[in-house]
Amino acid sequence: MIFLATSQWFIAMDGEALRRRALEAIGRVEWIPAWGEERIRGMVENRPDWCISRQRSWGVRFRHRLRGLR
């Protein structure tokens, strides 16, 4: 088995009110099944910084915006 240590990217959940905005958006969605809302709400409420550089699959695109980095 080979392990590869690579850089990780995180989003600060409390930066730019991301947590608040995410929780507001969760409340505007019609959830099927309904229990899904509580599951995602609990995850967002209690999540520290969010790791967006998951390594389970390479080449998966995600939208991002870099500020202050050159």
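The structure under discussion appears in the preceding block.
A brief report on the enclosed structure follows. (Residues numbered from 1 in each chain as written. Predicted model: local features only at pLDDT ≥ 70, side-chain atom pairs only at ≥ 80, totals over all residues. Heavy atoms only, no water.)

### Considering helix 2 (residues 35-46)
Counted at 1.5 Å a residue, the expected span for helix 2 with its 12 residues is 16 Å, and the 17 Å between its end C-alpha atoms agrees. Looking only at helix 2, the buried set comprises Gly36, Arg41 and Val44. For helix 2, the buried positions fall inside an angular range of 125° around the axis, keeping them on one side. Away from its buried face, by an angle of more than 90 degrees, helix 2 presents the exposed residues Trp35, Glu38, Arg39 and Asn46. Buried residues along helix 2 sit against helix 1 (18-27) and strand 2 (50-51). (Helix = DSSP H or I, 4+ residues; strand = E, 2+ residues; numbered from the N terminus. Expected span 1.5 Å × (residues − 1). Buried < 20%, exposed > 50% of the residue type's maximum accessible area, 1.4 Å probe, protein only. Arc of directions from axis to C-beta. Contact = heavy atoms within 4.5 Å.)

### Quick notes on the side chain of Arg47
Structurally, Arg47 can be placed in the loop between helix 2 and strand 2. No salt bridge forms around the buried Arg47; measuring N to O, its nearest opposite-charge neighbour Asp49 is 9.5 Å away. Discounting residues that sit within four places of it in the chain, Arg47 has contacts with Met13 and Arg19. (Lys, Arg positive; Asp, Glu negative; His and termini not counted. Salt bridge = Lys/Arg side-chain N within 4 Å of Asp/Glu carboxyl O.)

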